[in-house]
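Reading the structure
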Amino acid sequence: MKKNKQVYVGLSADILHEGHINILKIANKFGEVIVGLLTDEAISSYKSIPHLSYKQREIILKNMRLVRKVIPQKTLDYTQNLRLIKPDYVVHGDDWKTGVQKKTRSKVIKELKKWNGKLIEPGYTKNISSTIIKNKILDISLLPQNRVSRLKRLFSSKKIVRILESHNSLTGLIIENLKIKKNNKEIQFDGMWSSSLTDSATRGKPDNSSLDLSVRVSSLSDMMDATTKPLIFDADNGGQIEHLPYLIKSLERVGTSAIIIEDKIGLKKNSLFKNQTGTQQDKPQVFAKKIKKICFSRKSKNFMVIARIESFILGKGLDDALKRAKVYSKAGADAILIHSKEKTPKEIFSFSKEFRKSKNFIPLVSVPSTYSKVYEKDLIKNGFKLVIYANQLLRAAYPAMLNTAETILKKGRAFDIEKKIIPIKEIISLIKND
Ligand code: SPV
Ligand code: MG
């Protein structure tokens, strides 16, 4: 090892394999190795959140002989840390010459030039069995206790957590696997929403709590078996307070990450119905008791309780919503869903503007079903941390199925719909059999 030389290595180090060791060994030959360990936030800006937390990854690296020091790297971009350390060398596998990190690499070269630093790029280690590693990670993340905490970690590492409605294992798999590239970043959904509306509709029942909560929870297992991402459970008003501890126990056991309860009482009516006559809101202090009960009965602090305020739905206005938000926050809610059935996000933004000033502020959740023109970037700007696309997959599936059924009836054969439906050989291989 060369004395008095500093070598910077940026790493995610979620699962260490021989490729990393190779990099660190080479780095160590050039001087003292400082690892810039990417924070959860930095990693989730371009790929999935790591399986191990920052602290866990830090402990592993700090105890490695090849590593002298570990510091956080808060962005994918190295600039801030490089300016701070002015290392003699940066070592990175040559795989970043193409793909998502290409730009990051150019900036590193530009920075290093300022103090005559050098970039060393060892050849990427081939034949690492990432499949075996990934499968092992999958096993770990499927354990309920690991799964429950993933939503809370996403809350603290992402600008906005993006959730989509899932009403069966197949829709769960779409959410699990779909990844697209946008502005050189990989984007995907962060988890699933078990909606009372779509869960009931799928079973031919109205969204009025006619489907028992225990039935809804027990039917989650199939979806949980097929996926690893967090799930948020829509529990209507949570039912009777005395029954809540049992509901929470079941939800945690299957690996659910959060429950959302709404502050309405009486026979349940879906909030998007125009006519809300007869629907009543709970007294804030009474509803707060439900929140406290959940906080008290959950086994894991990482299981989140989200309080849903229905003041705007029932025409009660901003002051009522703000008063409730304060009470629910004090009772221990982790976040507030401020619901609205307006065509624009104006009223929820008026709420966030005021609530952000409060010392009881907690993260905000939006369900843009009626105000669907809103962009995520505007939700972020207005203090929202979670967006739930609450029913779109079922709404997409139903007309497609109806059209198919109609076409077969009209034509007296199935051929005419073939082009619009997935080929049999694709549906057969849709679910991997490994
Ligand atoms: C659901 O999806 O069941 C919801 C959201 O609770 S809403 O339909 O807007 O009430
Ligand atoms: Mg619902």
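Please refer to the structure placed before this passage.
Residues numbered from 1 in each chain as written. Chains lettered and ligands numbered in written order. Predicted model: local features only at pLDDT ≥ 70, side-chain atom pairs only at ≥ 80, totals over all residues. Heavy atoms only, no water.

**Some words on the site of ligand 1**
Here is the rule: Here, proximity means that at least one heavy atom of the residue falls within 4 Å of the molecule or strand. Think of a polar contact as two N or O atoms within 3.5 Å of one another; within protein, one of them needs to be a possible hydrogen donor and the other a possible acceptor, and neighboring residues in sequence only count if both atoms come from side chains. Residue exposure ignores everything except the shown protein chains as possible cover, and the areas themselves are Shrake-Rupley values with a 1.4 Å probe. Cavity: a set of points on a 1 Å grid over the protein atoms alone where a 1.4 Å probe fits but cannot get out. Pocket: an open set with protein on both sides within 12 Å along at least five of seven lines, its lining residues, like those of a cavity, having an atom within 4 Å of a point. Pocket or cavity membership: a molecule qualifies when more than half of its atoms sit within 2 Å of the grid points of that site. Polarity classes work like this: nonpolar for Ala, Val, Leu, Ile, Met, Phe, Trp, Tyr, Cys and Pro, charged for Asp, Glu, Lys and Arg, and polar for all others, with Gly in that last group.
In the neighbourhood of ligand 1, the contacting residues comprise Trp193, Ser195, Ser196, Leu197, Asp234, Asn270, Ser271, Leu272, Arg308, His339 and Ala390. In this structure, Ser196 approaches ligand 1 through a side-chain N or O atom, which is 3.0 Å from an oxygen atom. A distance of 2.9 Å is found between an oxygen atom of ligand 1 and a backbone nitrogen or oxygen belonging to Leu197. Isolated, ligand 1 exposes 280 Å² of accessible area, and the fraction of that covered by the protein chains is 100%. Placement of ligand 1 is best described as lying within the largest cavity. Of the residues that constitute the shell around ligand 1, the class distribution is four nonpolar, five polar and two charged.

**Description of empty space enclosed by the protein**
Counted only if it meets this: Grid points are joined across faces, edges and corners, and a volume is the space filled by probe spheres set on the points.
The tally for this structure, following the rule as stated, stands at two cavities of 30 Å³ or more. Taken as a whole, the largest cavity holds about 170 Å³ of empty space. Around the largest cavity, the lining comprises 19 residues; the ones closest to its centre are Asp234, Asn270, Arg308, His339 and Ala390. Per-class residue counts for the lining of the largest cavity are six nonpolar, seven polar and six charged.

**Quick word on helix H9 (residues 169-177)**
What counts, and what does not: Burial here depends on accessible area, computed with a 1.4 Å probe over protein chains only, as a share of the maximum for the residue type. Under 20% is buried, over 50% is exposed, and the range in between is partly exposed. Under the scheme used here, helices are H or I runs from DSSP no shorter than 4 residues and strands are E runs no shorter than 2 residues, and both carry numbers assigned from the N terminus. The arc in question is the one spanned by the directions pointing from the helix axis to the C-beta atoms. Residues count as neighbours in contact if any of their non-hydrogen atoms are within 4.5 Å of one another.
Along H9, the positions that sit buried rather than exposed are Thr171, Gly172, Ile175 and Glu176. Projected onto a plane normal to the axis of H9, the buried residues spread over an arc of 145 degrees and lie on a single side. As for H9, its buried residues are in contact with strand E6 (161-165), strand E9 (191-194), helix H12 (220-226) and helix H18 (392-411). By the N-cap criterion, in which a side-chain oxygen at the helix start approaches the backbone nitrogen of a residue two or three places on, H9 is capped by Asn168, the distance to Leu170 being 3.1 Å.

**Points about the coordination of the magnesium ion (ligand 2)**
Heads up, the rule is: Only nitrogen, oxygen and sulfur atoms within 2.8 Å of the metal, or 3.2 Å for Na, K and Ca, are treated as donors, and water is left out, so sites may look incomplete.
Bound to the magnesium ion (ligand 2) are the protein donor atoms Ser196 (OG) and Asp234 (OD), situated 2.1 Å from the metal. Linking Ser196 in helix H10 (residues 196-202) with Asp234 in strand E10 (residues 231-234), this pair joins segments that are 38 residues apart in sequence. Taking the relative accessible area as the measure of exposure, Asp234 reaches 4% and is therefore buried.

**Looking at helix H3 (residues 54-62)**
When H3 is considered as a whole, its buried residues turn out to be Tyr54, Arg57, Glu58 and Leu61. Axial view of H3: buried residues confined to an arc of 100 degrees, hence all on one face. Among the exposed residues of H3, those oriented more than 90 degrees off its buried face are Lys55 and Ile59. Looking at the buried side of H3, the elements it contacts are strand E1 (6-11), strand E2 (32-38), helix H2 (40-44) and strand E3 (69-73).

**So, the pattern of salt bridges**
Where we set the bar: Any Lys or Arg side-chain nitrogen located within 4 Å of an Asp or Glu carboxyl oxygen qualifies as a salt bridge.
Under the definition given, this model contains 27 salt bridges. Notably, a salt bridge pairs Glu58 with Lys55, separated by 2.9 Å at the nearest N-O pair. You can see Glu58 and its partner Lys55 sitting in helix H3, three residues apart, about one turn around the helix. Asp199 is the salt-bridge partner of Arg216, the closest N and O atoms lying 2.9 Å from each other. In this pair, Arg216 is assigned in helix H11 (residues 213-218) and Asp199 in helix H10, connecting sequence segments 17 residues apart. Asp199 matches Arg216 in its accessibility class, with the two residues each being buried. The network of salt bridges with common partners includes Glu262, Lys264, Arg308 and Glu310.

**Considerations on the pairing of E9**
We apply this condition: For two strands to count as paired, DSSP must find a minimum of two bridges between them.
Here E6 pairs with E9 via three bridges, running parallel. The residue of E9 that forms the bridge with Leu164 is Met192. The sheet contact formed by E9 and E10 spans three bridges and is parallel. Bridge assignment links Trp193 to a residue of E10, and that residue is Ile232.

**Description of the nonpolar core**
Quick reminder of the rule: Nine residue types can take part in a nonpolar core, namely buried Ala, Val, Leu, Ile, Met, Phe, Trp, Tyr and Cys, and a core is a set of them joined through side-chain atoms within 4.5 Å.
Phe233, Leu247, Ile259, Ile291, Ile336 and Phe351 are the most contacted members of the largest nonpolar core, which totals 52 residues. In this structure, Ile259 is in contact with Phe233, Ala235, Leu247, Ile248, Leu251, Ile294, Phe303, Met304, Val305 and Ile306, ignoring residues within four places of it in sequence.

**Some words on the sheet that holds strand E5 (residues 118-120)**
The criterion, for reference: To obtain an axis, a line is fitted to C-alpha atoms, over the contacting stretch when the element is a helix, and the angle between two such axes runs from 0 to 180 degrees between their N-to-C directions.
The parallel open sheet is built from five strands, whose spatial order is E3-E2-E1-E4-E5. If you trace the sheet from one side to the other, it starts and ends with E3 and E5, each paired once. Neighbour to neighbour, the strand axes of the sheet diverge by 25 degrees on average, direction disregarded. In the sheet, E2 pairs with E3 via five bridges, with the strands oriented parallel. Bridged to Ile34 within E3 is Lys69. Packed on one face of the sheet, helix H5 (residues 102-113) meets strand E4 (89-91) and E5 and runs near 140 degrees to E5.

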